[in-house]
Each structure stands twice: as C-alpha cells, then as structure tokens.
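This is what each chain is made of:
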Amino acid sequence: MDARAKDDIYNQAIKWIREAGDLIRESIGEPLMIDTKSNPNDLVTQMDKNTEKFFVERIKQKYPSHSLISEEGFGDSLQNMDGTVWIIDPIDGTMNFVHQKRNFAISIGIYKNGVGEIGLIYDVMDDILYTAKRDEGAYKNGEKLPLLENKQLKESIFALNSFWTCENNKVNHKKMQDLVRRVRGTRSYGSAALEFAYLAEGMLDGYVTMKLSPWDIAAGVILVNEVGGKTTKADGKPLDFLQDNTILSSNANIHEEVYRNYIELK
Ligand code: 2AM
Ligand code: CA
C-alpha cells in the first residue's frame, strides 16, 4: 500500500472509530433494542447495526473503490480479498455490551490484496485505542508496545472460552484439558478483539478458540504480528479471512508446541 494513501486511511479510520465510540458512550444508559441471531445467546442490538451503518456510509462515500466485510450484513459479500478491504466489527463483545455495558470494542482491520495493513481496536468505555500498521509496530494510546517476551508454556496465561466444550466442536477435549492444566492460568474476556489486544500488550500469552469470524480477528491479527506473535488456525494452518476460523494466537516460541501437543481437531 502506498505510504501516503496508507497514512490518509489510517488517520481517517482513527477519526471515525473515535466518533463512533463517542456516540456509543453518549447513549450507553439508554434502553437497548436487543434481538437474537443464530441462537438465544447470539445477541445483536440496534447499536451494533447503527454503528456498522456509520462506518459503511462513510467508507462508501470517501473510498468508493474499497470493499467492506462486516458482521451485521451492511457490507459487501466478497469472493476474494483483492483491493482494499475493510473488515469491521462494530461491537465485538455484544454480550458484554448488553450485560456489562463495558468490555467491548470496535474492531477495524484494513487489508490490501489479502495483506493486513492497518489494525485498530477501540475499547470504547475505557477509551483505550490500540493501533498497528504493518511493519511499524503496535501502539496502545500512542505508546509503542514492546515485543512479546519468550515465555514458556508453564508460565503462560491463555485466554479460552467455553466454545470448545460444545458438542458440535470436533476438538479433542482431553488434550485441551491437558493444555488448561499445563498453563499457569486461563482467562475469558468475552471479546475476541480485546483478547488479541491483551495478547499484544503481553497481559496474555496465548488465545485459543474454536470459532471466530473474520471481523472478530482482522484487526487483532495485525496487532499481534507487530509485537512478534503468531496467529493461525488452532491446528497451525493458515487463516482464511473469507470464512470462520478456529484460532491459536500466541507468543511465537510456544505456538508450535501448543498446536502440535495440545490441539487435535477431529
Ligand atoms: P461478537 O460479540 O461480535 O459476536 C466471545 O468469546 C467472542 O466470540 C466475541 O468476540 C464474539 O463476537 C465472538 N463470537 C460469539 N459467538 C460467535 C459465533 N457464533 N461465531 C463466531 N464468533 C462468535
Ligand atoms: Ca459484533
């Protein structure tokens, strides 16, 4: 991506993500209109939809040649990642948004011909903005994040969630239990974007989950790359940004050890 074009898109995206965050914070106390999607725990609110529309309208107007993949369906349906593609989750952690009114984020990943160029994750209620540009490092509120430390598995904290226990997940439960026992501790924050951001920040050393959509991961993968971490499918295979993926994101020195010894997808 041409450096000037990239800077323009980066600055514009930051302006929009902050504006969208302001709108969410202003109305956080108002009653929510909540629906369910694929199942009773799969929540969506009018705020998810309005925030997504906020981005779609602005991107289509300012960058008509760009494409957009987003959670609530106002984006494009893409067959490939050619050109500049914005991958947006207007609210990542909708259940937290509804139940806790915090611990959710806006996530924007911007890709050029399939390569992640810009990643932004905005923790709206705490007003913390994580940013990354490819090969230029990752930042938290403008402060550069250091490269990840080479910790061993036994001194690592892993983010996990209960999706791996679902019957339709074809993961070897015994091996996952071994992983839980092997690591120092586990955490579950309920927002994939924030889990990636915490990993980039060094608060977590790994993140394993059995199903995430492109908008849940697009920004986070770029952030984690920039601090020397690695993200693949849970079995070590490359990610596909046009589909749901299983995910293993971690510190580079434990990545292979985890997918070889602890994760078996049937
Ligand atoms: P969401 O809040 O945008 O739906 C919860 O651990 C994380 O997984 C959140 O980032 C959540 O994103 C995501 N998530 C929840 N249900 C999901 C599903 N059925 N498929 C993919 N991602 C999901
Ligand atoms: Ca969402």
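Coordinates for the structure precede this section.
Residues numbered from 1 in each chain as written. Chains lettered and ligands numbered in written order. Predicted model: local features only at pLDDT ≥ 70, side-chain atom pairs only at ≥ 80, totals over all residues. Heavy atoms only, no water.

Draft legend 1. Region of the structure containing the sheet that holds strand β11 (residues 185-187). Across the sheet, which stays open at both edges, the five strands sit in the order β11-β10-β12-β14-β13 with mixed pairing between neighbours. Looking at strand neighbours, the two that pair on one side only are β11 and β13 (230-232), the edges of this open sheet. Within the sheet, the average angular offset between the axes of one strand and its neighbour, ignoring direction, is 20 degrees. Inspection of the sheet shows strand β12 (residues 206-212) paired to strand β14 (residues 245-250) by five bridges, in the antiparallel sense. Residue pairing in the sheet places Gly206 in a bridge with Ser250 of β14. Against the sheet, helix α5 (residues 192-201) makes contact with β10 (157-160), β11, β12, β13 and β14, and its axis sits at roughly 160 degrees relative to β12, the strand it touches most. (Pairing = 2+ DSSP bridges. Helix = DSSP H or I, 4+ residues; strand = E, 2+ residues; numbered from the N terminus. Axes fitted to C-alpha atoms, helices over the stretch in contact; angles between N-to-C directions. Contact = heavy atoms within 4.5 Å.)

Draft legend 2. Seen up close, the packing of aromatic side chains. A full pass over the atoms with the stated rule returns eight aromatic pairs. Between Tyr63 and Trp86, the ring centres sit 5.9 Å apart and the planes meet at 35 degrees, which makes this aromatic pair tilted. Within this pair, whereas Tyr63 is found in the loop between α2 (46-62) and β3 (67-70), its partner Trp86 is found in strand β4 (residues 84-92), the two being separated by 23 residues in sequence. Following the ring pairs from residue to residue traces out a cluster consisting of Trp16, Tyr63 and Trp86. Over the ring of Phe54 we find Arg58; its NZ or CZ atom is 3.7 Å from the centre of that ring. Here Lys133 stacks its cationic end above the ring of Tyr10, 4.2 Å away from the centre of that ring. (Phe/Tyr/Trp six-rings, centres within 6.5 Å; stacked < 30°, edge-to-face > 60°. Lys NZ or Arg CZ within 6 Å of the ring centre and 35° of its normal.)

Draft legend 3. Spatial organisation of the site of ligand 1. Ligand 1 sits among 15 residues. The nearest are Asp89, Asp92, Gly93, Thr94 and Ala192. Between ligand 1 and Glu71, the relevant distance is 3.1 Å, taken from an oxygen atom to a side-chain nitrogen or oxygen of the residue. In the model, a nitrogen atom of ligand 1 is placed 3.1 Å from a nitrogen or oxygen of the Asp216 side chain. Computed on the free molecule, ligand 1 has an accessible area of 490 Å², of which 82% lies beneath the protein chains in the complex. Among the elements of the structure, β4 and β12 are those that each provide at least two residues to the shell around ligand 1. When residues of the shell around ligand 1 are assigned to their parent elements, the largest contribution, three residues, is made by β4. (Near = heavy atom within 4 Å. Polar contact = N/O pair within 3.5 Å; in protein donor to acceptor, adjacent residues only side chain to side chain. Areas by Shrake-Rupley, 256 points an atom, 1.4 Å probe, with all protein chains shown as cover.)

Draft legend 4. Quick peek at the pattern of salt bridges. What the rule picks out here adds up to 21 salt bridges. Lys174 is paired through a salt bridge with Asp178; the nearest N and O atoms lie 3.1 Å apart. Remark: Asp178 and Lys174 occur in helix α4 (residues 173-182); sequence separation between them is four residues, near one turn of the helix. On the accessibility criterion, Asp178 (24% relative accessible area) is partly exposed. Between Lys237 and Asp235 there is a salt bridge, and its shortest N-O distance comes to 3.5 Å. Look at the salt bridges and you will find they share partners, linking Lys6, Glu117, Arg134 and Asp135 into a network. (Salt bridge = Lys/Arg side-chain N within 4 Å of Asp/Glu carboxyl O. Buried < 20%, exposed > 50% of the residue type's maximum accessible area, 1.4 Å probe, protein only.)

Draft legend 5. Representation of the layout of surface pockets within the structure. Considered as a void within the structure, the largest pocket measures approximately 1,100 Å³ in volume. If you list the elements that add at least two residues to the lining of the largest pocket, you get β4, α3 (94-99), α5, β12 and α6 (214-226). The leading source of residues in the lining of the largest pocket is β12, at four residues. Residues of the lining of the largest pocket, tallied by class, amount to 10 nonpolar, 15 polar and eight charged. Lining of the second largest pocket is provided by Tyr111, Gly114, Val115, Gly116, Arg134, Val221, Ile222, Asn225, Glu226, Thr231, Leu239 and Phe241. When contributions to the lining of the second largest pocket are tallied by element, the ones reaching two or more residues are β6 (115-123) and α6. (1 Å grid on protein atoms, 1.4 Å probe; cavity = no way out; pocket = protein on both sides within 12 Å on 5 of 7 lines; lining within 4 Å. Points joined across faces, edges and corners; volume = space filled by probe spheres on them. Nonpolar A, V, L, I, M, F, W, Y, C, P; charged D, E, K, R; others polar.)

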